[in-house]
Amino acid sequence: IINCLRTKRIIDPILYLPSFSKDRQRLIKWRTHWLPFFPLKDSRCGHQAAHRTHFTHCLLLEPFMQDLLDKFGTVPLLPHNIQPLDHILNSLPRSEVGLATDNWSKTWLALIQVLWKIDFL
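Residues numbered from 1 in each chain as written. Predicted model: local features only at pLDDT ≥ 70, side-chain atom pairs only at ≥ 80, totals over all residues. Heavy atoms only, no water.

### Observations concerning the packing of helix α2 (residues 62-72) against helix α5 (residues 104-120)
A pair of packed helices is captured by two measures, namely the crossing angle of their axes and the spacing between those axes.
Then step 1. The interhelical angle for the contact between α2 and α5, taken along N-to-C directions, is 160 degrees, at an axis separation of 9 Å. The pairing of α2 with α5 is recorded here as roughly antiparallel in orientation. Considering how the two elements wind past one another, α2 and α5 form a crossing that is left-handed. Each of Phe64, Met65, Asp67, Leu68, Lys71 and Phe72 in α2 lies in contact with α5, whose residues at this interface are Trp104, Lys106, Thr107, Ala110, Leu111, Gln113, Val114 and Lys117.
Then step 2. When its residues are assigned to classes, the contact of α2 with α5 shows eight nonpolar, two polar and four charged. (Axes fitted to C-alpha atoms, helices over the stretch in contact; angles between N-to-C directions. Helix = DSSP H or I, 4+ residues; strand = E, 2+ residues; numbered from the N terminus. Parallel < 35°, antiparallel > 145°, perpendicular 65-115°, else oblique. Left-handed = near helix turned anticlockwise from the far one by under 90°. Contact = heavy atoms within 4.5 Å. Nonpolar A, V, L, I, M, F, W, Y, C, P; charged D, E, K, R; others polar.)

### Comments concerning the nonpolar core
Then step 1. Leu61, Leu68, Leu85, Leu111 and Ile118 are the most contacted members of the largest nonpolar core, which totals 25 residues.
Then step 2. The set of elements that each furnish at least two residues to this core consists of α1 (21-31), α2, α3 (84-90) and α5.
Then step 3. No other element matches the eight residues that α5 contributes to this core. (Core = buried A, V, L, I, M, F, W, Y, C linked by side-chain atoms within 4.5 Å. Buried < 20%, exposed > 50% of the residue type's maximum accessible area, 1.4 Å probe, protein only.)

### Here we look at the packing of aromatic side chains
Geometry of an aromatic ring pair is reported as the spacing of the ring centres plus the angle between the planes.
Then step 1. Tallied over the entire structure, the rule returns one aromatic pair.
Then step 2. Ring centres of Phe72 and Trp104 lie 5.7 Å apart, and the angle between their planes is 70 degrees; on these two criteria the pair is classed as edge-to-face. On the criterion of sequence distance, the pair formed by Phe72 in helix α2 and Trp104 in helix α5 is long-range, its members being 32 residues apart. In this structure, Phe72 and Trp104 share a single accessibility class: buried. (Phe/Tyr/Trp six-rings, centres within 6.5 Å; stacked < 30°, edge-to-face > 60°.)

### Side note on α2
Then step 1. Every buried residue of α2 is listed here: Met65, Leu68 and Phe72. Taken around the axis of α2, the buried residues stretch over an arc of 60 degrees, which confines them to a single face. Projecting away from the buried face of α2 at angles above 90 degrees are the exposed residues Pro63 and Asp70.
Then step 2. The elements touched by buried residues of α2 are α3 and α5.
Then step 3. Positive backbone phi, at 115 degrees, marks Gly73, one or two positions downstream of α2. (Arc of directions from axis to C-beta.)

### Things to note about α1
Then step 1. Among the residues making up α1, those that are buried are Asp23, Arg24, Arg26, Leu27, Trp30 and Arg31. Viewed end-on, α1 has its buried residues packed into an arc of 155 degrees, placing them on one side of the element.
Then step 2. Residues of α1 that are buried sit in contact with α3 and α5.
Then step 3. His33 sits one or two residues past α1 and shows a positive phi near 65 degrees.

Structure below.
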């Protein structure tokens, strides 16, 4: 779990960047490894006991993940225990003003949408 967290000791931006309370819950649950829920349930795509790593390649989530990655940009080669969503969360700007720069406003919305889909798969 520790490898997925930020390397610097700061307040995590998911706690104060603009989002609805339900979306913030999903962000926190993903960050603390409570999304997907335990015990693991089967995904709607048919995969049994869908774990975090499954959602990187899930066919039902693929268009949403691709949209997120297109908006975020290139994700470097990551160790097997760090998911692309973790990398994107670790790259979040530290202020609301930062969301207004570059493609972050679009990336933020796509990230929230991906987590919403994971919650319902």
